[in-house]
Amino acid sequence: MTSAAPARGRRWPVPPSLLVGVAPLVVFAVVSAVRARPSDDYPSLGHTVDSVVRSLVVPEGIAVAALAVVVTALGWWRIATVDPTRTPLRWTMIAPLGILLVCLVRLPLVDWGALPARYFLLLTVGVLFVGVFEELMTRGVLLVGLRRRLPEFAVWAVSCVLFGLLHLLNILAGAGVGPTLLQVVFAASFGSTLYVARRLTGSLLAPVLLHAFWDFGSIGYSATADPSDLSTLTVAGLIGLFSFGLLAFGIVAGGMVAWRDDRPRRLRRRWTEVPPIAAFAVRGGEPRLQSV
């Protein structure tokens, strides 16, 4: 007589946990702080071929490889890069599509002849590494860990805030305090739009590409901008103001997506607070609460 084989459930090599989800971000912050030097010139990052290689391609490539090893060892590729359900709030796509439009409109402002072609090729590789690493770390592994302990609204808020605070490390690399604080706010807001992009598509690929595209335009324009060209600077300023409006909308969109996910949880909690119908007895035509 043969016994039936036991049902095998799907198990990850390492169960999702908050500690494991936050660990890569903490390690990255520590390594970045150790590598930073007060003499670093953060504002000129990516302005030359050599700078792109030293500041983007090499370190971000190493970071991507290291994080890929970690995610593979954890067995988290599927849960870190794919959402089982997409948000039905289709109006929220205005946020990521608006940012995509800004990226496209900003391309003509880049002086493509100011630097050699290999600069833009290397910049493309560098920003793709940045997009893969930062999104896999924050909108991937971190989300998995946070979802283990927190409701989705808190997951959205905490992941955006941590993504923004991560940019405080730029002060150690030579960035000014004022511009860095502005970048922290911008990054946290941008993180909400990237969260929406993941929830709309159900994949981490969309935020990775959007992140990389944004960085390409920002660095490319900064490296080739002519300070004496007032017309281009004016257009860039107007695009920047429009971008901040879109990012404010992205915060609302991200919050609504996460809040809607938590609605079933809130309803279940609300109904558990309602006494069962057997607790009420009708006496003399009036309902009275009795212990059960």
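Refer to the structure above for everything that follows.
Everything numeric here is computed off the predicted structure, so don't read it as measured data.

**Thoughts on the environment of leucine 181**
Okay, so step 1: Along the chain, leucine 181 falls in helix α7 (residues 177–201).
Okay, so step 2: Assessed through its relative accessible area of 45%, leucine 181 is described here as partly exposed.
Okay, so step 3: Sequence separation between leucine 181 and isoleucine 171 is ten residues; the distance between their C-alpha atoms is 9.3 Å.

**Observations regarding the nonpolar core**
General note: in soluble globular proteins, nonpolar side chains tend to be found buried as a group.
Okay, so step 1: In terms of nonpolar packing, the biggest core is built from 30 residues, with Leu67, Val71, Trp76, Phe133, Leu136, Met137 and Tyr195 touching the most fellow members.
Okay, so step 2: Sort the elements by how many residues they give to this core and helix α5 (residues 117–149) lands first, with eight residues.

**Points about the environment of serine 218**
Okay, so step 1: Within the secondary structure layout, serine 218 lies in helix α8 (residues 205–224).
Okay, so step 2: The exposure class assigned to serine 218 is partly exposed, which follows from its relative accessible area of 27%.
Okay, so step 3: Between the alpha carbons of serine 218 and valine 110 there is a distance of 9.2 Å; along the sequence they are 108 residues apart.
Okay, so step 4: In terms of polar contacts, serine 218 uses its side chain to reach the side chain of arginine 106, at 3.3 Å.

**Topic: helix α1 (residues 18–35)**
Okay, so step 1: With 18 residues, α1 extends 26 Å from end C-alpha to end C-alpha; this agrees with the ideal 26 Å at 1.5 Å per step.
Okay, so step 2: At proline 24, α1 shows its maximal bend, which comes to roughly 25°.
Okay, so step 3: Among the structural elements, α2 (49–74), α5 and α6 (152–165) are those in contact with the buried residues of α1.

Cut-offs applied
Residues numbered from 1 in each chain as written. Predicted model: local features only at pLDDT ≥ 70, side-chain atom pairs only at ≥ 80, totals over all residues. Heavy atoms only, no water. Helix = DSSP H or I, 4+ residues; strand = E, 2+ residues; numbered from the N terminus. Buried < 20%, exposed > 50% of the residue type's maximum accessible area, 1.4 Å probe, protein only. Core = buried A, V, L, I, M, F, W, Y, C linked by side-chain atoms within 4.5 Å. Polar contact = N/O pair within 3.5 Å; in protein donor to acceptor, adjacent residues only side chain to side chain. Expected span 1.5 Å × (residues − 1). Bend = angle between axes of the 7 residues up to and from the residue. Contact = heavy atoms within 4.5 Å.

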